[in-house]
Amino acid sequence: ARFDAIRNYKKNQGTTLFTQQMKAIVIKRLILFKRSLGSAVILLLLPVGLTMLGASYDMTAEEDEGSPAIYFSLDGFKDLIVPIFSRTSRNNVIGQIYKNQFSTSPGVTFVESNKTSTDDINEYLINWGKSNGKKMYERKMIVGAVFEEEHYTILYQKSAVHAKGISTQLLMNAWVQSMLGNDFSIQLGVLHRPPTPMLKKSELQLATMFCLGFAMAMVPVVYIHSLIAERSMGAKHLQSLSGVSPMAYWLGAYIFDMFFFIIIIATVMLGLTINPSLYLARGRWAVTLLMLVSFAVAMFPYLYAVQIIFKNPANGVLSILCFNVFVGVLVAVTLAAYKVMNVEYSLLHRVDMLLAP
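Note that the structure is a prediction, hence the values are computed from the model and not measured.

S.K.: Describe the overall build of the protein chain, and please don't skip the residues or the numbers.
M.R.: A tally of helices and strands in the protein chain yields 14 helices and 6 strands. Looking at the protein chain as a whole, 36% of its 357 residues qualify as buried. Within the protein chain, residue pairs in contact and separated by at least 24 positions form 74% of the contacts whose partners lie at least 6 positions apart. Taken as a whole, the protein chain presents about 21,600 Å² of accessible surface, with 63% of it coming from carbon and sulfur.

Given below as structure tokens:
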């Protein structure tokens, strides 16, 4: 009777067999995760921990207001010798206004002459330099002006930093005040940054981007290790010999991996609530969620495809980690830096889109 019961046994086939095999693969993956519970907990907590760390830093980081502009003035110069060349009454008015601007500079000496031709001025300055020495000429005679009938000319010492700007400012102020009065003036300076709008830290959140990218780069490491180890030990081959179809094997693994990664996504979204200004506010949570889910959908087929390249789990883990850090972290931070500087980065963006899994 017992043998009759065995002969009457009906094997599962078709969809029933496929579902049974896929269910067995899911249970097997769950058992493996239970055996390495510590790694599973780390995998679950690492992304949310790094995300919270980056979000906390971005929330408390002070905004960089940038270096203030350096305005040209005579504050750093003492005992100046200022050559002034003029010979008309109109220019004498402008020349007087020009000299009044040196009232706050101690020890200023004016050297005036009515010679205004280029040859005469060159000869005068050369002779003055020879008489007083080159060192005195370079240190004391920093700025000057030539007032002619139709136009004015600035004189400046090339060896002095910003002397050209200071000399231009002095002469322009003299002309403006002679035309409009002492209530008007021109101030020149140096800006260390381009006059284009730049993103603030709160708008960019580089720390959150870096930490989240680094966490997402490390998540595939655990998955690729188990895949390579199972294949290298022959466990996958035994399952194939037992009749497990490749479709059931990979689909079961994909379902379990996606389920566990959805839990990771939920914890990451929870961690972003610390500083929701960029990733969650104004409906951006949907975009962030779509980005993370899309990453998971693309990541697992990518891992299933590349795991066959490696024979040793350690080599596979190291290679995938380095590649993911380069593509997911370094390229992203580089693009963000280019965006801050308002530099065209379409080529880098295309490279990032090409390499990103």
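S.K.: Go over the UniProt feature "transmembrane region" (unreviewed entry) in the protein chain with me, naming the residues and quoting the values.
M.R.: UniProt marks residues 37–57, 206–228, 248–273, 285–310 and 316–338 with the feature "transmembrane region" (unreviewed entry), using the numbering shown here. Strand forms 0% of residues 37–57 and helix 100%; the C-alpha atoms that close the span are 30 Å apart. Along residues 206–228 the backbone is 100% helical and 0% strand, and the end-to-end C-alpha distance reaches 34 Å.

S.K.: How would you summarise the packing of helix α2 (residues 14–35) against helix α11 (residues 246–272) if you had to cite specific residues and measurements?
M.R.: Each pair of packed helices can be described by the angle between their axes along with the distance between the axes. Contact geometry of α2 with α11 gives a least axis separation of 8 Å together with a crossing angle of 45 degrees. When the axes of α2 and α11 are compared, the pair comes out oblique. Like other packed secondary-structure pairs, α2 and α11 cross with a definite hand, here right-handed. Of the residues in α11, those touching α2 at F18, Q21, M22, I25, V26, K28, R29, L30 and F33 are M247, A248, Y249, L251, G252, A253, I255, F256, D257 and F260.

S.K.: Account for the sheet that holds strand β4 (residues 143–147), with residues named and values stated.
M.R.: Adjacent strands of a sheet form backbone hydrogen bonds with each other and so pair up, either parallel or antiparallel. Taken in spatial order, the 4 strands of this open sheet run β3-β2-β4-β5, and their pairing is mixed. At either end of the open sheet lies a strand with only one pairing partner, and these are β3 (109–113) and β5 (152–156). The mean angle between the axes of side-by-side strands here comes to 15 degrees, regardless of whether they run parallel or antiparallel. In this fold helix α5 (residues 118–132) packs onto β2 (81–86), β3 and β4, with an angle of close to 155 degrees to the strand it touches most, β2. With respect to the sheet, helix α7 (residues 163–180) is in contact with β4 and β5, its orientation differing from that of β5 by roughly 150 degrees.

S.K.: Summarise the confidence of the model for the protein chain; cite the residues concerned and give the values.
M.R.: Looking at the protein chain as a whole, its pLDDT mean stands at 75, while 79% of the residues score no less than 70. When pLDDT is averaged over each element of the protein chain, helix α12 (residues 284–306) comes out on top at 86 and helix α14 (residues 346–355) at the bottom at 47. Within the model, the stretch residues 195–199 combines pLDDT values under 50 with 7 contacts to residues more than four positions away or in other chains. Below pLDDT 50 for its whole length, residues 343–357 participates in 18 contacts with residues either more than four positions away or in separate chains.

S.K.: Got a sec to walk through the side chain of Q157? Specific residues and values, please.
M.R.: Following the sequence through the fold, Q157 ends up in the loop between β5 and α7. Residue class for Q157 comes out buried when judged on its relative accessible area of 10%. For Q157, the side chain forms a polar contact with the main-chain oxygen of Y137, separated by 3.3 Å. Among residues more than four places away in sequence, those in contact with Q157 are Y137, E138, M141, I142 and A163.

S.K.: Break down α12 for me, with residues and values.
M.R.: Over its 23 residues, α12 extends 33 Å from the first C-alpha to the last, a length consistent with the 33 Å expected when each residue adds 1.5 Å. Restricting attention to buried positions, one finds in α12 the residues T288, L292, A296, M299, F300, Y302, L303, Y304 and V306.

S.K.: A description of the pattern of salt bridges should follow, citing residues and the corresponding values.
M.R.: Counted under the stated rule, the structure contains 1 salt bridge. The salt bridge partner of E112 is K99, with a shortest N-O separation of 3.0 Å. A residue pair is termed long-range when its members are at least 10 positions apart, and E112 in strand β3 and K99 in helix α4 (residues 89–100) qualify at 13 residues. Since its relative accessible area comes to 51%, E112 is described here as exposed. Judged by relative accessible area, which is 18%, K99 ranks as buried.

S.K.: An account of the packing of α2 against helix α3 (residues 37–60) is needed here, citing residue identities and associated values.
M.R.: For the pair α2 and α3, interaxial distance at closest approach is 5 Å and the crossing angle is 95 degrees. In terms of their interaxial angle, α2 and α3 are classed as roughly perpendicular. Contacts between α2 and α3 pair F33, K34 and R35 from the former with L37, A40 and L43 from the latter. For the contact of α2 with α3, the per-class residue count stands at 4 nonpolar, no polar and 2 charged.

S.K.: Quick one: what's the story with the environment of Q157, residue by residue and with numbers?
M.R.: Residues Q157 and M141, spaced 16 residues apart in sequence, show a C-alpha to C-alpha distance of 6.9 Å. Side-chain polar atoms of Q157 contact the backbone oxygen of M141, separated by 3.3 Å.

S.K.: Tell me about the packing of aromatic side chains, and please be specific about residues and values.
M.R.: For the structure shown, the criterion picks out 11 aromatic pairs. For the pair Y249 and W250, a centre-to-centre distance of 4.8 Å together with 85 degrees between the ring planes defines the contact as edge-to-face. Aromatic side chains F261 and F295 sit 6.0 Å apart centroid to centroid with 45 degrees between the ring planes, which places their arrangement in the tilted category. You can see F261 sitting in helix α11 and its partner F295 sitting in helix α12, a full 34 residues away along the chain.

S.K.: Account for the nonpolar core, naming residues and giving values.
M.R.: By size, the foremost hydrophobic cluster in this structure holds 34 residues, and its most contacted members are M216, V219, Y223, F261, I264, F300 and L303. Elements that contribute at least two residues to this core include exactly α3, α9 (206–232), α11, α12 and α13 (313–340). With 10 residues, α11 is the largest single contributor of residues to this core. Apart from the residues lying within four places of it in its own chain, the contact partners of M216 are P47, F261, I264, V268, L292 and F295. Formed by 20 residues, the second largest nonpolar core is a distinct cluster that contains V82, Y98, A145 and A160.

Conventions adopted
- Residues numbered from 1 in each chain as written.
- Predicted model: local features only at pLDDT ≥ 70, side-chain atom pairs only at ≥ 80, totals over all residues.
- Heavy atoms only, no water.
- Helix = DSSP H or I, 4+ residues; strand = E, 2+ residues; numbered from the N terminus.
- Buried < 20%, exposed > 50% of the residue type's maximum accessible area, 1.4 Å probe, protein only.
- Contact = heavy atoms within 4.5 Å.
- Areas by Shrake-Rupley, 256 points an atom, 1.4 Å probe, with all protein chains shown as cover.
- UniProt positions renumbered as here; feature names shortened; annotations may be inferred.
- Axes fitted to C-alpha atoms, helices over the stretch in contact; angles between N-to-C directions.
- Parallel < 35°, antiparallel > 145°, perpendicular 65-115°, else oblique.
- Left-handed = near helix turned anticlockwise from the far one by under 90°.
- Pairing = 2+ DSSP bridges.
- pLDDT = per-residue confidence, 0-100.
- Polar contact = N/O pair within 3.5 Å; in protein donor to acceptor, adjacent residues only side chain to side chain.
- Expected span 1.5 Å × (residues − 1).
- Salt bridge = Lys/Arg side-chain N within 4 Å of Asp/Glu carboxyl O.
- Nonpolar A, V, L, I, M, F, W, Y, C, P; charged D, E, K, R; others polar.
- Phe/Tyr/Trp six-rings, centres within 6.5 Å; stacked < 30°, edge-to-face > 60°.
- Core = buried A, V, L, I, M, F, W, Y, C linked by side-chain atoms within 4.5 Å.

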